[in-house]
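Structure at a glance
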Amino acid sequence: MKVNFLGAARTVTGTQVLVEVNNSKILLDCGLFQGKRAESYQYNQQFKFLPKDIDVLLLSHAHIDHSGNIPNLVKQGFSNSIIATNATASLAQVMLRDSAHIQEADVQYVNKKRARRGEPSVEPLFTIKDAEIACDLFSPVEYNQSFEVADGVKVTFVDSGHILGSASVILDIKEQNEQKRLWFSGDVGRDNLPLLHDPIMPDQTDYLIMECTYGDKNHHDPEIAYEEFKEVTSKTIRRGGKIIIPAFAVGRTQELVYFLNRMLANKDIPPVPIFVDSPLAVNATDIFKKYSYLFDEETQKFIQEGNHQALSNPYLTYTHSVEESKKINDIKGSAVIISASGMAETGRILHHLRNNIENPLNTILIVSWQAPYTLGRRLAERQKTVRIFGQLFNRRAEISTIGGLSAHADQNKLLEYAKSSQKTLRGLYLIHGEEKSANVLMEKLEENHIAPVYFPNRYDFVEI
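Quantities reported herein were computed from a predicted structural model and do not represent experimental measurements. (Residues numbered from 1 in each chain as written. Predicted model: local features only at pLDDT ≥ 70, side-chain atom pairs only at ≥ 80, totals over all residues. Heavy atoms only, no water.)

A few words now on the pattern of salt bridges. One pass over the full model with this rule turns up 20 salt bridges. Across the pair Arg426 and Glu178 runs a salt bridge, and its minimum N-O distance is 3.2 Å. Here the residue Arg426 occupies a position in the loop between helix 13 (411-419) and strand 20 (427-431), and Glu178 occupies one in strand 10 (residues 178-184), the gap between them amounting to 248 residues. Here Lys230 makes a salt bridge to Glu227, at a shortest N to O gap of 3.1 Å. With Lys230 and Glu227 both in helix 6 (residues 222-238) and three residues apart, this pair spans about one turn of that helix. A single salt-bridge network, built from bridges that share partners, covers Arg114, Arg117 and Glu119. (Salt bridge = Lys/Arg side-chain N within 4 Å of Asp/Glu carboxyl O. Helix = DSSP H or I, 4+ residues; strand = E, 2+ residues; numbered from the N terminus.)

Three or more residues of helix 9 (residues 297-306) are buried, namely Thr299, Phe302 and Ile303. Each buried residue of helix 9 sits inside an arc of 90 degrees when the element is viewed along its axis, so together they form one side. Summarising the geometry of helix 9, the exposed residues directed more than 90 degrees from the buried face are Glu297, Gln304 and Glu305. Buried residues along helix 9 sit in contact with helix 7 (252-265). (Buried < 20%, exposed > 50% of the residue type's maximum accessible area, 1.4 Å probe, protein only. Arc of directions from axis to C-beta. Contact = heavy atoms within 4.5 Å.)

Once that is clear, we can look at the packing of helix 4 (residues 86-116) against helix 8 (residues 279-290). Direction vectors running N to C along helix 4 and helix 8 enclose 170 degrees, while the axes themselves pass 10 Å from each other. By the angle between their directions, the pair helix 4 and helix 8 is classed as roughly antiparallel. Between helix 4 and helix 8, the contacting residues are Ala87, Ser90, Leu91, Val94, Met95 and Asp98 on the first element and Leu280, Asn283, Ala284, Ile287, Phe288 and Lys290 on the second. Considering only residue class, the contact of helix 4 with helix 8 consists of eight nonpolar, two polar and two charged. (Axes fitted to C-alpha atoms, helices over the stretch in contact; angles between N-to-C directions. Parallel < 35°, antiparallel > 145°, perpendicular 65-115°, else oblique. Nonpolar A, V, L, I, M, F, W, Y, C, P; charged D, E, K, R; others polar.)

So, on to the packing of helix 7 against helix 9. The description of two helices packed together rests on the angle between their axes and the distance between the axes. Put simply, helix 7 and helix 9 touch, their axes get as near as 12 Å, and they point 40 degrees apart. Judged on the interaxial angle alone, helix 9 and helix 7 are oblique. In terms of crossing hand, the pair formed by helix 7 and helix 9 is left-handed. When helix 7 is examined against helix 9, the residues Tyr258, Asn261, Arg262 and Ala265 are found in contact with a partner set consisting of Glu298, Thr299 and Phe302. Considering only residue class, the contact of helix 7 with helix 9 consists of three nonpolar, two polar and two charged. (Left-handed = near helix turned anticlockwise from the far one by under 90°.)

Quick look at the sheet that holds strand 3 (residues 24-28) now. With mixed pairing, seven strands are arranged side by side in an open sheet as 6-5-4-3-2-1-22. The open sheet has two free edges, formed respectively by strand 6 (138-141) and strand 22 (461-463), since each of these has just one partner strand. Within this sheet the neighbouring strands show an average axis-to-axis angle of 20 degrees, counted without direction. Pairing analysis gives four bridges linking strand 5 (residues 82-85) to strand 6, with the strands arranged parallel. Paired with Ala84 across the strands is Pro140, a residue of strand 6. (Pairing = 2+ DSSP bridges.)

Okay, unusual backbone geometry next. Between Ala340 and Ser341 the backbone carries a cis peptide bond, its omega angle lying at 15 degrees. For Ser341, the location among the structural elements is in the loop between strand 15 (335-339) and helix 11 (349-356). Backbone geometry at Leu195 places phi at a positive 75 degrees, although glycine is not the residue there. Mapped onto the fold, Leu195 is located in the loop between strand 10 and strand 11 (207-211).

Locating Asn261 in the fold gives a position in helix 7. Among residues more than four places away in sequence, those in contact with Asn261 are Phe302, Gln309, Ala310, Leu311, Ser312 and Asn313.

A word on the pairing of strand 15. Most of strand 15 sits inside the fold, with five of its five residues counted as buried. The side-chain alternation of strand 15 yields two buried faces, one formed by Ala335, Ile337 and Ser339 and the other by Val336 and Ile338. As paired elements, strand 13 (residues 274-277) and strand 15 share four bridges and run parallel to each other. When the bridges of strand 15 are listed, Val276 appears paired with Ile338.

By themselves, these observations are geometric and do not establish any function.
Encoded structure:
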């Protein structure tokens, strides 16, 4: 068996692992590499294999850094099954269509600038039509259902606790009369995250491919984040202000809505209008509701005992049209506005920030890590003036930041994850992590006598 590390090697984007076994080629994830425009286009355009030769694609979850290059894979010749859990298949189809729309819009903008400079136009990485064709290839399965994908290769998806539908992928392989278990973690979640079950730990695993995004740090308890969110929300409401929250559309938005529902159910905050203003978030939330049977025991108890819904309440509006979004500007007094994008670079959140940033009664709440040079980072740094739509604004709104909501396992959880198969482990391969986090985690793994551990470069491969 040959394992090729083709993406998310020494970085945290573009996950892609190719397993060659028994004359079959099995692709684990097909993520979009996200970075500088020109570099990303070249990176994503070129596969190190012929897409038509891939026998099956196993998708761990719907996040774009794991699924986003699927339409391009299909465009270049892949036409076999994409196997994922039911919830992942539904979320991925929504997200791939949205991503294709962004690809087309970005290229249209770039081509206008290129035309003014007399340069030839460029093509999008993929189109909405490519995404539609890709969506037709999905073959959904349930958790814990074992099935054969190739000669001697049986696959099982188990809950990884990262987002709704996310899975670790178990490959039980019989090769040359030898039985091996390869466990691909996908993105590992955390214990006690809202809505989600805790991650399933690797069992009797010979070879583990594990993400290590936060291998160098530990997170605050999610319940502390809830208490901080409650304090910020109630304080802003008391002074008559609005809470403006840039939030990622899939995962983070639904967590925040559930937290607000808990606050309302417990009467920790008075009823105020709450808006989720992001087409992708609205579509994703509909999918969360469809698969609510996947919510964890705490959420099910909240629903059953209190007769509450996890993701809806009488004060909550999911906006669909631009007109509905614009009407939010007319709201007087307190309100909570959750909108995308999560780093405040694009989308409807920019309009809400522009309309509310100069009012000292309001709070802009940052609930996730913000990449350098983004508007979200400038807000998190509490800069006095920021540029929105090319116009400078004096930032008078209060800025609050909340940590502890990351959906990725921290160092302690990753150690627990690796140790769960310590007695059988013959090789541990770290991916989806920067060098700094991986090096710290490798030291911890060595201290815990977990070996051998590898941190492959992009395009490295191993024979196992």
